[in-house]
Structures are given as structure tokens and as C-alpha cells.
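# Breakdown of the fold
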Amino acid sequence: MPASAAMMTSDGRFGYEAAGKLTSPPLVFLHGIGGAARAWRGQIEAFSDRYRAMAWDMPGYGGSAPLPSFRMATLADALQDFLKGVGATKPILVGHSIGGMIVQQWLTKYPDIAAAVVLAQTSPAFGKADGDWQKEFIGARLGPLDRGETMASLAPTLVKELVGDNPDVRGMELARDCMAAVPEASYRASMLALLGFDQRNALKNIVVPTLVLSGSRDRNAPAPMMAKMATYIASATYVDLEGAGHLVNLERPAAFNAALDSFLKAHAAATEVTA
């Protein structure tokens, strides 16, 4: 498979990586708070024989410009701008963690544009902006930065806490590299963007084929919660990957790719895009 190439949209707003023919159906990956476009290289290379596989750098990450207002709604608008910028019509969207939240937010405004979506290790809600659990969660992650740590110094511990059993060695190296390179301001803004997110009531309105994918050892997006989430989506297929934590595509790339491949073959067969 061809290796992914780093690119930039013509307006200079978004950095992304991509491979595959321009005429192939677009398969778009959205990373999590500690990620980057390059976290999806294994998937881009695996699927670029049938799809125009691409992954964005979320605003404020990698080659992408930050947003003046970093909220879930503005991130969803940015996603739509990115899709237009890369000419992705009828895209298949694969969102991990906050990437999955962005996809859910995007679906409320564009319910039938996607050919299919994958909600991987994510949640339909983060709960009350002023809730005790939410404050504790944010505080635990931002507190070390407040005390003088850096993303580079925190990366090994943060990644270790996210993964499950026997993670792929090369995947973990990439995960640590991505986490270490996240700008502190972007990491903080992403964490705060979670506050108040709640799309639970919108799950029933998802009409496109949907894969809900969990890891049995994921503590951030627990499998029982994701299994329940799937029951509210009429078009959902639910898959739980045994032993995996929160970074499934990097921990268990073969298992992640197999689950995605099975879903795509069943619900989003690749065909050439013609003018």
C-alpha cells in the first residue's frame, strides 16, 4: 500500500495525511485529544487501495490552524469546512474519542451527508459543565501542566494509562510521539471543549450506517456505556475488542482494521467516484 503523504488544504487551514486515488470514496479519520493525523497511518495505508483514506490534524494540532473559539460546535463546523476543502462528498467518517464526539455533533447539522460513520472509543455525553466528576476529570489531566510538567514529560504516563493488555510496541511509540507533540494550549482547549457536551438525545436521529467500537479495557469510554449507546442508534453495529484500551487503532491495529474492514464491506462498499 502507498504510504500516506502530509498535505495542506488550499486555504491553509488544515493539515492532513492521505493516500489513495482521488476518485475513490473518501474515508476520513479524526483523532483524539492526544493524537494527530499521523496516528492513523496504519489505517490510511491499509485502506488506501479501495478508498481515498485521509486523516486531519484537528484545529490547533499538527499543521492545522487553531480556532478562535474552541467548542464542539465550532469543531463540527471546521470538520465540514475540511470535508469541503478536500472534496470529500459522501464521506465515511471514523471518529476516535473527541473525534467521535465531533462526528456526533456534525451529524446533528448534516444528518444524511455521510455514507457511514464509525464512533470509536467515544461517548455521547461528557455531562454537566459544573459537575463534580467532570471537574475532577479535567483537573486530573490539566493539574500536572499547571504544576510545570510538559506534554513531552507527561506523554509516557498518559499513554500507559490509556492502553489495555499487551499493546503493539510500534503503536505505543507513535502514541507517545503524538501525545508529546500536542501543543499545551490545544490540549487544554480540547479538554475544556468536552464540558457540557451531550448528544444522548440525538442518537436516535442517526440514520446512516454506524459502527460503535469499544475496547473492553477502556476506562475513558467503558464498553458497557458504549454498548448501551449503540442500542439508541437504529443503524448501529456494535463491536467490542477484548483486552484493548482507549487507543485501539494503535494498540491492536490488526483487530481495529479487521473490524473496520468488515463494517465497510457490509455497509459501505467502495466504488469509484465518477464525474
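Our structure is the block above this text.
Everything numeric here is computed off the predicted structure, so don't read it as measured data.

### Digging into the environment of Val103
Looking at the secondary structure, you find Val103 in helix H3 (residues 98-109). For the pair formed by Val103 and Met72, sequence separation is 31 residues and the distance between their alpha carbons is 9.7 Å. With residues up to four places along the chain from it excluded, the contact list for Val103 reads Leu30, Leu93, Gly95, Val117 and Leu119.

### So, the pairing of strand S4 (residues 52-56)
S4 sits mainly inside the fold: five of its five residues count as buried. Residues Arg52, Met54 and Trp56 line one face of S4 and the alternating positions Ala53 and Ala55 line the opposite face, and both faces are buried. Judged from the four bridges that link them, strand S2 (residues 15-19) and S4 form a sheet pairing that is antiparallel. In the strand pairing of S4, Tyr16 is matched with Trp56. Sheet topology note: the strand S3 (residues 26-30)/S4 ladder contains four bridges and is parallel. Looking at the pairing, Phe29 lines up with Ala55 of S4.

### Observations concerning the pattern of salt bridges
Under the criterion given, the structure shown has eleven salt bridges. Between Arg50 and Asp261 there is a salt bridge whose closest N-O contact spans 2.8 Å. Note that Arg50 is positioned in the loop between helix H1 (41-47) and S4 and Asp261 in helix H10 (residues 253-267), a separation of 211 residues in sequence. By relative accessible area, Arg50 is classed as partly exposed at 27%. Among the salt bridges present, the one from Lys265 reaches Asp261, with a minimum N-O distance of 3.1 Å. Residue Lys265 and its partner Asp261 are located together in helix H10, separated by four residues, close to a single helical turn. Under the relative-accessibility criterion, Lys265 is labelled exposed at 56%. Salt bridges here are not isolated pairs; linked through shared partners, they connect Asp49, Arg50, Asp261 and Lys265.

### Some words on the layout of surface pockets
Quantified by volume, the largest pocket comes out at close to 900 Å³. Sorting the residues of the lining of the largest pocket by element identifies H3, helix H4 (132-146), helix H5 (151-162), helix H6 (169-181), helix H7 (184-193) and helix H9 (248-251) as the ones contributing at least two each. Counting residues per element, the lining of the largest pocket draws most heavily on H4, at seven residues. The residue makeup of the lining of the largest pocket, split by class, is 25 nonpolar, 15 polar and six charged. Roughly 280 Å³ of volume is contained in the second largest pocket. As for the second largest pocket, its lining consists of Ala39, Arg41, Gly42, Gln43, Asp168, Arg170, Gly171, Leu174, Asn249, Leu250, Pro253 and Asn257. Mapped onto the lining of the second largest pocket, the elements with two or more residues apiece are H1, H6, H9 and H10. Here the lining of the second largest pocket is built from residues that sort into four nonpolar, five polar and three charged.

### Brief notes about the nonpolar core
Judged by nonpolar contacts, the single largest core of 66 residues is most densely connected at Trp56, Trp106, Tyr187 and Leu194. A total of seven residues in this core trace back to one element, the largest contributor, which is helix H2 (residues 72-85).

Reading the values: the criteria
- Here the residue numbering is sequential within each chain, running from 1 through the sequence in written order.
- Where local features are concerned, this predicted model is filtered to residues with pLDDT of at least 70; where side-chain atom pairs are given and counted, the filter is 80 or more; whole-chain, interface and lining totals use all residues.
- Heavy atoms from the whole structure form the basis of all side-chain values; hydrogens and water molecules are not counted.
- The secondary structure listing takes helices from DSSP runs of H or I that are at least 4 residues long and strands from runs of E that are at least 2 residues long, numbered from the N terminus.
- Between two residues, a contact is recorded if the distance between any of their heavy atoms is within 4.5 Å.
- Relative accessibility thresholds used throughout: buried, under 20% of the residue-type maximum; exposed, over 50%; partly exposed, between the two (1.4 Å probe, protein chains only).
- For two strands to be treated as a pair, DSSP must find no fewer than two bridges joining them.
- Should a side-chain nitrogen of Lys or Arg be within 4 Å of a carboxyl oxygen of Asp or Glu, the pair is scored as a salt bridge.
- Here a cavity denotes grid points, spaced 1 Å and computed from the protein atoms alone, that fit a 1.4 Å probe unable to get out, and a pocket denotes an open set having protein on both sides within 12 Å along at least 5 of 7 lines; residues with an atom within 4 Å of a point are the lining.
- Grid points are joined across faces, edges and corners, and a volume is the space filled by probe spheres set on the points.
- Ten residues, namely Ala, Val, Leu, Ile, Met, Phe, Trp, Tyr, Cys and Pro, are considered nonpolar, four, namely Asp, Glu, Lys and Arg, are considered charged, and the remaining ones, Gly among them, are considered polar.
- Definition used in this section: a nonpolar core is a set of buried Ala, Val, Leu, Ile, Met, Phe, Trp, Tyr and Cys residues joined via side-chain atoms within 4.5 Å.

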